[in-house]
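Chain residues, written in single-letter form:
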Amino acid sequence: MINIPKGTKDVLPEESYKWQFVEDTARSVAEVFNYKEIRTPVFEHTELFLRGVGETTDVVNKEMYTFEDKGGRSITLKPEGTAGAARLFIENGLGATPMPVKTFYLTPAFRYERPQKGRLREFHQFGIEVFGSPAPETDAEVIFAASSFLNKLGIKNTKLEINSIGCKTCRKEYHAALKNYFAPNLENMCATCRDRFEKNPLRILDCKEERCKAISLNAPQILDYLCEECSSHFKKVRSYLDAQNIKYSVNSRIVRGLDYYTKTVFEFVSEDIGAQGTVCGGGRYDNLLEELGGQSVPAIGFAAGIERLLLVMESVGAAFPENKKPPIYVAAIDENGRKKALETVMALREKGINAETDLMGRSVKAQMKYADKLGAEYVAVIGENELLSGSVNLKKMADGTSVSVKFDDIYTYLIKGD
Ligand code: HAM
């Protein structure tokens, strides 16, 4: 027996409707916000993530599924969707189209992490990315979209936390302040943080090691170092959230786990699913496209993890819509009956009705039992009498009543219910 790889999950036939509900909701939110779907490969050149996600992040340092392909190229399974979306934008010349370019995606993503509840090695994201607008209204719209998505899923008790991590200008001064703060304690910090100290001190604030967390407790806060432009941008974003009555708190400790962010960053956090409570995270990334070799194009987006959304929905008892309409089951008594049953279900299926018949050579009694297990709404049994009369009894399973209907009229009867 070969088992499923650690940190991955199967979606079983009985639960896939829950996934479809989340995905359908994602698509319908994307539609009303006018985001168009994009699809990028599951694997990209490793370089894209090194440059895009950032060499000082855990994602790049510890978690990437990287391998050499048979042509000797270094390939990586995408650990997230933003870098690929940015590459798609640049490579396909979307910069020449009217701005903003509003995109969304549903994608698997891969990170070699220690699996636990809500943390997998293969997981799935619904993400949106907006390219071309530097305006704070766009930050607000992206947060509205995330909020609307969560609401439509019946997830109402997440906390929205926002922060601004500034731009290149304010970051310079802030990095200097962080270095001053951490320098005396450097020896007591983990090796990764000592490296981050040189390359990207902001990232130290995202370290998961207890000793580093303790040291960074009183570190200078980025919000005190924002330049005028970043400060006014953040203020406007907050005012739009206020106007829309979206509740949030400002949390200066949110730096996010990926290096491309500038200005606004945000997370929707649930307290219902344990340690991995961040169901959705995102922010602005105004320098990424240029860093990847494109023009300077401001951008912002978010991604929500579908597995975590499902965990929250299950824990708060959110309503998943009923599984699809139950089928009509057409049973057969003998070989001629079987032919007619096949013909009948095929005619109904062509018209979009969920119809089922026997594929197991079961007796009539066993077919009835199976129809009941399937939750069939109606059952018809076809034998010699039915073939002669050209009509069949449709038995309504809920109340046991039955009506004789001509074969040609079954569809109309099912649609109209009389
Ligand atoms: P992220 O915060 O790394 O951001 O991931 C976004 C979401 O993906 C998380 O909030 C979580 O729900 C889910 N997620 C991440 N890692 C795992 C995991 N190992 N297992 C299960 N779920 C996970 C990004 O990926 C950015 N690309 C978001 C973004 C888009 N920023 C701007 N645009």
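The structure reproduced in this document is the subject of the present report.

Thresholds applied
Residues numbered from 1 in each chain as written. Predicted model: local features only at pLDDT ≥ 70, side-chain atom pairs only at ≥ 80, totals over all residues. Heavy atoms only, no water. Helix = DSSP H or I, 4+ residues; strand = E, 2+ residues; numbered from the N terminus. Buried < 20%, exposed > 50% of the residue type's maximum accessible area, 1.4 Å probe, protein only. Core = buried A, V, L, I, M, F, W, Y, C linked by side-chain atoms within 4.5 Å. Contact = heavy atoms within 4.5 Å. Pairing = 2+ DSSP bridges.

## Thoughts on unusual backbone geometry
Thought 1: With omega at -5 degrees, the peptide bond leading from Met99 into Pro100 counts as cis.
Thought 2: Of note, the phi angle at Asn34 is positive, near 65 degrees, even though the residue is not glycine.
Thought 3: Within the secondary structure, Asn34 is located in the loop between helix 1 (16-32) and strand 1 (36-37).
Thought 4: We classify Asn34 as partly exposed; its relative accessible area is 46%.
Thought 5: Unusually for a residue other than glycine, Lys263 sits at a positive phi of about 50 degrees.
Thought 6: Residue position: Lys263 is located in strand 9 (residues 262-269).
Thought 7: On the accessibility criterion, Lys263 (8% relative accessible area) is buried.

## A short note on the nonpolar core
General note: in soluble globular proteins, nonpolar side chains tend to be found buried as a group.
Thought 1: Membership of the largest hydrophobic core comes to 50 residues, with the highest contact counts inside it found for Phe131, Phe182, Met189 and Leu289.
Thought 2: The leading source of residues in this core is helix 4 (residues 82-91), at five residues.
Thought 3: If we ignore the near neighbours within four places in the chain, the residues touching Phe182 are Met189, Phe197, Ile204, Leu205, Ile215, Ser216 and Ala219.
Thought 4: Residues Phe21, Ile128, Ile155 and Met313 belong to the second largest nonpolar core, which totals 41 residues.

## Some thoughts on the pairing of strand 11 (residues 299-305)
Thought 1: Counting buried positions along strand 11 yields seven of seven residues, so the element is predominantly enclosed.
Thought 2: Both faces of strand 11 are covered, namely the face carrying Ala299, Gly301, Ala303 and Gly305 and the face carrying Ile300, Phe302 and Ala304.
Thought 3: Here strand 6 (residues 122-131) runs beside strand 11; their pairing, made up of seven bridges, is antiparallel. In the sheet register, Gln125 faces strand 11, and the bridge partner there is Gly305.
Thought 4: In terms of strand pairing, strand 10 (residues 278-284) meets strand 11 through five bridges, oriented antiparallel. Among the inter-strand pairings, Gly283 is bridged to a residue of strand 11, identified as Gly301.

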